[in-house]
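So you can see what is in the structure, the chains are spelled out below.
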Amino acid sequence: MLSALRALLAPFWSYSRERTAAQRDATDKSASPLLVYIVVVLFLILSILVIDMHRDELRALGLVVGAERVNPVFMSP
């Protein structure tokens, strides 16, 4: 039973060795500063959108403070 399990998992072990060698080679290279900047900006935009989508739920939990008040100028008499 154990030998059958080893035979089934053998391809995954050899793949993981090859993958770690490829990862080792990839860690020697640095990322482009422009690419890092773009990733950070996209992450910030995504987090702002997610917070905006779930604002009511976050307010109910007490994580978002301050209510958005309507300016009295825009209210009808």
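What counts, and where the lines are drawn
- Residues numbered from 1 in each chain as written.
- Predicted model: local features only at pLDDT ≥ 70, side-chain atom pairs only at ≥ 80, totals over all residues.
- Heavy atoms only, no water.
- Helix = DSSP H or I, 4+ residues; strand = E, 2+ residues; numbered from the N terminus.
- Buried < 20%, exposed > 50% of the residue type's maximum accessible area, 1.4 Å probe, protein only.
- Areas by Shrake-Rupley, 256 points an atom, 1.4 Å probe, with all protein chains shown as cover.
- Salt bridge = Lys/Arg side-chain N within 4 Å of Asp/Glu carboxyl O.
- pLDDT = per-residue confidence, 0-100.
- Patch = residues over 30% accessible without salt bridge, like charges linked within 9 Å, V, L, I, M, F, W, Y side chains within 5 Å.

**Side note on the overall build of the protein**
Working step 1: What the protein contains, in helices and strands, is three helices and zero strands.
Working step 2: Along its sequence from the N terminus, the protein presents helices and strands in the succession α-α-α.
Working step 3: Taken over 77 residues, the protein has a buried fraction of 0%.
Working step 4: Carbon and sulfur atoms provide 69% of the accessible area of the protein, an area that totals close to 7,600 Å².

**Some thoughts on the pattern of salt bridges**
Working step 1: A complete count under the given rule lists one salt bridge for this structure.
Working step 2: Among the ionic pairs, Arg-55 bridges to Asp-52, the shortest N-O distance being 2.7 Å.
Working step 3: By relative accessible area, Arg-55 is classed as partly exposed at 26%.
Working step 4: Taking the relative accessible area as the measure of exposure, Asp-52 reaches 43% and is therefore partly exposed.

**Observations concerning the confidence of the model for the protein**
Any residue range with low pLDDT should be treated as having predicted coordinates unsuitable for detailed reading.
Working step 1: For the protein, per-residue confidence averages 75 on the pLDDT scale, and residues scoring 70 or more make up 66% of the total.
Working step 2: Per-residue pLDDT, averaged within each element of the protein, yields its smallest value for helix H1 (residues 2–26) (65) and its largest for helix H2 (residues 33–53) (91).

**Quick word on a nonpolar patch on the surface**
Working step 1: Nonpolar side chains collect at one region of the surface, where Leu-34, Tyr-37, Ile-38, Leu-42, Ile-45 and Leu-49 lie side by side and expose about 630 Å² of accessible area between them.
Working step 2: Counting through the fold element by element, Ile-45 comes out in helix H2.
Working step 3: According to the relative accessible area criterion, Ile-45 is partly exposed, its value standing at 44%.

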